[in-house]
Amino acid sequence: MSARRVVIAGGGVAALEAMLALRRMAEDRVEILLISPERSFAYRPLAVAEPFDLGAERRFDLAEIAADAAAELVEDGVTAVDGASRRVQMASGASLDYEDLVIAFGARHRAPLPEALTFWVPGWRDRMADLLKDVEGGWVRSVAFAIPVGCGWPLPLYELALLTSSHLEGEGVEGVELMLVTPEAAPLELFGSRASEAVGELLAHRGLGLFTGSYPSAYRGGELSLSPAGRLRVERVVTLPRIEGREIKGLPTGMHGFIPVDEYGRVPGLEGVYAAGDATTVPIKQGGLAAQLADVVASQIARDAGAAVEVEPFRPVLRGMLLTGERPRFLRTDFGAGAAEESMAAEHALWWPASKIAGRHLAPYLATLTSAEPVPAAPAERASIPVEIEVDAAPITSVSR
Ligand SMILES: Cc1cc2nc3c(=O)[nH]c(=O)nc-3n(C[C@H](O)[C@H](O)[C@H](O)COP(=O)(O)OP(=O)(O)OC[C@H]3O[C@@H](n4cnc5c(N)ncnc54)[C@H](O)[C@@H]3O)c2cc1C
């Protein structure tokens, strides 16, 4: 029997998790082609630590990762999908047939406030370094970290605020007003009440002012306008990008250009087409959730290819490691827990490997390549603390192509 042809569009978290999971579950029942316009995989979570010399974004060679999963890397970008003939069109003019297609090409990032410093848009590192110098030199005495509506993942701005406060304390700089502005009703409320309270306590302990229920609508001449109401006089504003979907011919789009999916990652109206990650209408744009949906998608394709695999719907569990400048905090909530909300915050790892992007297959795979991030040491007696050990770090060796 010939192998089922699976095309994965993307070279990020969702694409790689889908590829690794599929190879593990379907073994040699599938042929995998990975289409990515970039040659490297960007592991971004430690970008927040760069201005403080505490970590850096890492890049991994995509061709090597694809080869480890016995997949083929096609350096190109998807420009259109023809669902009727099961074919993708690419920027180079070439096209590829598929039996299953996984859309995992992420989202676009846009700066929301022209005069503010937007994390993660080109040039942000230099601007953040200049901001720190200005604060250390006493030229800037107030900074607001303002979360816009539509950023998809607010945690990095909490990290920037906490890391800034810890850095200034370390440099002996006093009397600087730092504040956090968020449309959320409580800090990092998406992690549930217990975790949110723990983060609130941490912000208060660091003396960070907190403005909830407000988002920045404009910043001009040192005045930050808030919506639905209010103004703040503040010398500098740091914000996050808004994210938007990439509209591709032949794919349905929902609000802001994101691709609608059901709880199995299926794209409605297109047989054999799935999507996972930031490209989808899943409202939280986070690597761990991207990986979880990618696993659901991979399990269906593996089953359709003939593997004995159980398919469960997407039941998101949110895991976030918050960098604080001291010990990181591990935050977790289970969205499927319903009324019995399961919200946790801890100073020890709640999952393993204790990585910032908790992908079942990707996290242990990256850990075998090199240390992607400064991971806290493994607990000596794992059984004594509630670590969720849910990954299988065995290397993929069963298939050679
Ligand atoms: C600075 C920063 C820090 C973050 N920190 C964390 C964290 O600590 N923990 C966490 O879980 N999440 C974190 N996130 C969010 C996380 O990175 C994203 O949610 C995750 O990367 C989404 O995965 P994805 O595969 O959907 O998209 P991406 O990882 O963005 O990958 C998209 C891929 O698609 C490719 N592509 C683009 N266009 C095309 C095309 N036309 N055809 C084919 N391929 C295409 C791109 O080159 C890229 O390889 C962070 C995000 C940022 C920006």
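Residues numbered from 1 in each chain as written. Predicted model: local features only at pLDDT ≥ 70, side-chain atom pairs only at ≥ 80, totals over all residues.

## So, the site of the ligand
If you check the shell around the ligand, you find 33 residues, and the closest are Gly12, Pro45, Gly106, Gly277 and Gly287. When contributions to the shell around the ligand are tallied by element, the ones reaching two or more residues are helix H1 (13-26), strand S2 (30-36) and helix H6 (287-304). Residues belonging to the shell around the ligand are distributed by class as follows: 17 nonpolar, 10 polar and six charged. (Near = placed C-beta within 6 Å. Helix = DSSP H or I, 4+ residues; strand = E, 2+ residues; numbered from the N terminus. Nonpolar A, V, L, I, M, F, W, Y, C, P; charged D, E, K, R; others polar.)

## Brief notes about the domain arrangement of the protein chain
Segmenting the protein chain into domains produces domain 1 (4-49 + 57-108 + 243-304), domain 2 (110-242) and domain 3 (317-389). Taken over C-alpha atoms, the centre of domain 1 sits 32 Å from the centre of domain 2. Listed per partner, the contact involves 11 residues of domain 1 and 13 residues of domain 2. The class makeup of the residues in the side of domain 1 that touches domain 2 is five nonpolar, two polar and four charged. (Domains from an automatic or database assignment. Contact = placed C-beta atoms within 7 Å.)

## Considering the sheet that holds strand S12 (residues 142-146)
Taken in spatial order, the five strands line up as S11-S18-S12-S13-S14 in an open sheet, and their pairing is parallel. Each end of this open sheet is capped by a strand with a single partner; those strands are strand S11 (117-118) and strand S14 (209-211). Here strand S13 (residues 177-181) runs beside S14; their pairing, made up of three bridges, is parallel. Directly across from methionine 179, in S14, lies its bridge partner glycine 209. In the packing of helix H4 (residues 155-170) onto the sheet, contacts are made with S12, S13 and strand S18 (236-239), and the angle to S13 comes to roughly 170°. (Pairing = 2+ DSSP bridges. Axes fitted to C-alpha atoms, helices over the stretch in contact; angles between N-to-C directions.)

## Quick look at the sheet that holds strand S21 (residues 317-322)
Taking strand neighbours across the sheet as the criterion, the three strands line up as S21-S22-S23 in an open arrangement whose pairing is antiparallel. At either end of the open sheet lies a strand with only one pairing partner, and these are S21 and strand S23 (342-346). In this sheet, adjacent strand axes meet at a mean angle of 10° when their direction is disregarded. As paired elements, S21 and strand S22 (residues 329-334) share six bridges and run antiparallel to each other. What sits directly across from methionine 321, in S22, is phenylalanine 330. Along the sheet face, helix H5 (residues 193-205) touches S21, S22 and S23 and points at about 30° away from the line of S23.

## Quick notes on the confidence of the model for the protein chain
The share of residues in the protein chain with pLDDT of 70 or more is 91%, and the mean pLDDT across the chain is 91. Ignoring residues within four places in sequence, the model shows residues 389-401, a span with pLDDT below 50, making 26 contacts including any to other chains. (pLDDT = per-residue confidence, 0-100.)

## Details of unusual backbone geometry
Cis peptide bonds are those with omega within 30 degrees of zero, and the linkage from serine 227 to proline 228 qualifies with 5°. Mapped onto the elements of the fold, proline 228 is located in the loop between strand S16 (223-227) and strand S17 (231-233). Of note in the backbone geometry, tryptophan 120 takes a positive phi value of approximately 80° without being a glycine. Phi at leucine 188 is positive, roughly 45°, even though this residue is not glycine. One can find leucine 188 in the loop between S13 and H5. Classification of leucine 188 as buried rests on a count of 26 C-beta atoms within 10 Å. (Buried ≥ 20, exposed ≤ 12 C-beta atoms within 10 Å, placed from the backbone.)

## Considerations on the pairing of S16
In summary, the side chains of a regular strand alternate between the two faces of the sheet. Where strand S15 (residues 215-220) meets S16, five bridges bridge the pair, whose relative direction is antiparallel. Bridge pairing in S16 links tyrosine 219 to leucine 224. As consecutive antiparallel partners, S15 and S16 are separated by two residues, and within that stretch glycine 221 has a phi angle of approximately 55°, a positive value. In terms of strand pairing, S16 meets S17 through three bridges, oriented antiparallel. Across the sheet, the residue bridging to leucine 224 is leucine 232, located in S17. Joining the antiparallel neighbours S16 and S17 is a turn of three residues, in which glycine 230 adopts a positive phi near 115°.

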